[in-house]
Amino acid sequence: MSGTVTYLEAIVIGLVQGVAELFPVSSLGHAVLIPAFLGGSWAADMDMTAKQSPYLALVVALHVATACALLLFFRRDWVRVISGLISSVRNRRIETPYEKLAWLLIIGTIPVGLAGLVLDKLLREHLGKPLWAAVFLALNGLLLLGAERLRGGRAGAAEQASATGRRAERGARADRGAVTAASGGSRRKQSTATLEPPRELDRHGRELPPEIASDIRLARLSRGTAVQVGAAQILGLFPGLSRSGATIVAGLFKGLHHEDAARFAFLLATPVILLAGLYKLPELAKPENSAVIGPAIAGSLVTFVASYVSVRYLVRYFETRTLTPFAIYCLVVGALSVVRFA
């Protein structure tokens, strides 16, 4: 068994978790690589493959903190989704956008839930080594870069030119207040020249707030698409491959705008991370992990704040930008790590 995790180690890795879990750069890969690069007690205390490692319990707590931050940020969406699920079950029908979105999120989380139960321990213990994490991180960069290249670079100059106008429009829309999402009336105007999503109107012809408009577009996805996009999260079980990155890429290939793909990725990730974390959280209560409880709490607080700031930034970022910078980062860091640990 490795040594206990210190407060400094927990805070540093908590910051890394809060950023790397939502940025498409793999928090699990960084959780393996950073201690290995630092070496010494860091490598010993945070060895994920060590038997009965307290580091695993810490990582579980940090993931729960990320899920809590996502719940807080998307709290209005989740209130509408849960209300839609309740009304769907009560009335035995699926009609409104949020009733449809609720069931799409449920079926979209099934593949990774099953895969996690079967593969999680195997992947962490046998592939949770620095060299594997480095290889997968480089592959993650290729995946992100390939997705942008295959889509033909539709996020180019036209989208950048529209960014200022879109932000001004969003500010004006925010002042109009929330509008009921179950209106059913909408305008579907597909844009092929840029990545700007189509606008959505309520039954009175008023433009819907951007978050509700995005949810309505997501509610139009087929069940098959939801399963396929949700299944992409399985890649996130491999240290170095990003859960959010794989899900966003799958959404892009299904024709989603970057903004909608990222939003769907974050909504899909929330119940998966939360339920998986709560399932494993009792590990912290084991006597052998008692020394890590304090550091886990400190690290979780840092993760919560970092995750909230990260998702807030990324939701804005993907309104007008692409995965390319993250792809380059993963390729460079992954390649350097392969050289270091080969």
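Definitions and cut-offs
Residues numbered from 1 in each chain as written. Predicted model: local features only at pLDDT ≥ 70, side-chain atom pairs only at ≥ 80, totals over all residues. Heavy atoms only, no water. Core = buried A, V, L, I, M, F, W, Y, C linked by side-chain atoms within 4.5 Å. Buried < 20%, exposed > 50% of the residue type's maximum accessible area, 1.4 Å probe, protein only. Contact = heavy atoms within 4.5 Å. Helix = DSSP H or I, 4+ residues; strand = E, 2+ residues; numbered from the N terminus. Axes fitted to C-alpha atoms, helices over the stretch in contact; angles between N-to-C directions. Parallel < 35°, antiparallel > 145°, perpendicular 65-115°, else oblique. Left-handed = near helix turned anticlockwise from the far one by under 90°. Nonpolar A, V, L, I, M, F, W, Y, C, P; charged D, E, K, R; others polar. Phe/Tyr/Trp six-rings, centres within 6.5 Å; stacked < 30°, edge-to-face > 60°. Patch = residues over 30% accessible without salt bridge, like charges linked within 9 Å, V, L, I, M, F, W, Y side chains within 5 Å. Areas by Shrake-Rupley, 256 points an atom, 1.4 Å probe, with all protein chains shown as cover. Salt bridge = Lys/Arg side-chain N within 4 Å of Asp/Glu carboxyl O. pLDDT = per-residue confidence, 0-100.

In terms of nonpolar packing, the biggest core is built from 72 residues, with Leu58, Phe264, Phe266 and Phe326 touching the most fellow members. When residues no more than four places from it in sequence are discounted, the contact partners of Phe326 are Phe23, Pro24, Val25, Leu144, Leu314, Tyr317 and Phe318. Judged by nonpolar contacts, the second largest core, of six residues, contains Ala115, Leu127, Phe136 and Leu237.

Time to look at the environment of Val59. Mapped onto the secondary structure, Val59 falls in helix H4 (residues 54–73). Take Val59: its relative accessible area is 6%, and that puts it in the buried class. Taking the C-alpha atoms as reference points, Val59 and Ile13, 46 residues apart in sequence, are found 8.6 Å from one another.

The geometry of helix H11 (residues 243–253) relative to helix H12 (residues 258–280) is characterised by a closest axis approach of 8 Å and an angle of 135 degrees between their N-to-C directions. In terms of orientation, H11 lies oblique with respect to H12. When you trace H11 past H12, the crossing you get is right-handed. On H12, the residues that touch Arg243, Ser244, Thr247, Ile248, Gly251 and Leu252 of H11 are His258, Ala261, Ala262, Ala265, Phe266, Leu268, Ala269, Val272 and Ile273. For the contact of H11 with H12, a count of residues per class yields ten nonpolar, four polar and one charged.

To continue, consider the packing of aromatic side chains. Summed over the entire model, instances satisfying the criterion amount to twelve aromatic pairs. An angle of 80 degrees between the planes, with centres 5.6 Å apart, marks the rings of Phe23 and Phe326 as edge-to-face. Separated by 303 residues along the polypeptide, Phe23 in the loop between helix H1 (7–20) and helix H2 (27–38) and Phe326 in helix H14 (residues 324–341) bring together distant segments of the chain. The two residues Phe23 and Phe326 agree in class, both being buried.

It is worth spelling out the side chain of Thr109 at this point. The residue Thr109 is located in helix H6 (residues 97–127) in this model. What makes Thr109 buried here is its relative accessible area of 17%. Residues in contact with Thr109, not counting those within four places in the same chain, are Leu268, Pro271 and Val272.

On to the packing of helix H9 (residues 210–219) against H12. Direction vectors running N to C along H9 and H12 enclose 80 degrees, while the axes themselves pass 10 Å from each other. The angle between H9 and H12 places the two elements in the roughly perpendicular class. Contacts between H9 and H12 pair Glu211, Ser214, Asp215, Arg217 and Leu218 from the former with Asp260, Arg263, Phe264 and Leu267 from the latter.

On to a nonpolar patch on the surface. A surface patch of nonpolar side chains, amounting to about 530 Å² of accessible area, comprises Val89, Ile94, Trp103, Ile106, Ile110 and Leu114. Here the nonpolar patch gets four residues from one element, more than from any other, and that element is H6. Here Val89 lies in helix H5 (residues 75–91).

Before going further, it helps to spend a moment on unusual backbone geometry. Where the residue is not glycine, phi is negative for most of them; where a peptide bond is considered, it is trans in most cases. Within the chain, Ser26 stands out as a residue other than glycine whose phi angle is a positive 75 degrees. With respect to the element layout, Ser26 can be found in the loop between H1 and H2. Look at Ser26 and you get buried, because its relative accessible area is 2%. Positive phi is not limited to glycine here, since Arg92 has a value of about 55 degrees. By the secondary structure assignment, Arg92 is in the loop between H5 and H6. Judged by relative accessible area, which is 79%, Arg92 ranks as exposed.

All chains considered together, the criterion is met by eight salt bridges. Among the ionic pairs, Arg243 bridges to Glu21, the shortest N-O distance being 3.3 Å. A residue pair is termed long-range when its members are at least 10 positions apart, and Arg243 in helix H11 and Glu21 in the loop between H1 and H2 qualify at 222 residues. On the basis of relative accessible area, Glu21 is assigned to the buried category, the value being 6%. A salt bridge links Arg263 to Asp215; the nearest nitrogen and oxygen atoms lie 3.1 Å apart.

A few words now on the confidence of the model for the protein chain. Looking at the protein chain, the pLDDT average stands at 84 and 84% of residues meet or exceed 70. Residue range residues 155–166 is modelled with pLDDT below 50. Its contacts to residues more than four positions away, or to other chains, number 23 contacts. Across residues 172–194 the pLDDT falls below 50, and counting only partners more than four positions away or on other chains, this stretch makes 41 contacts in the model.

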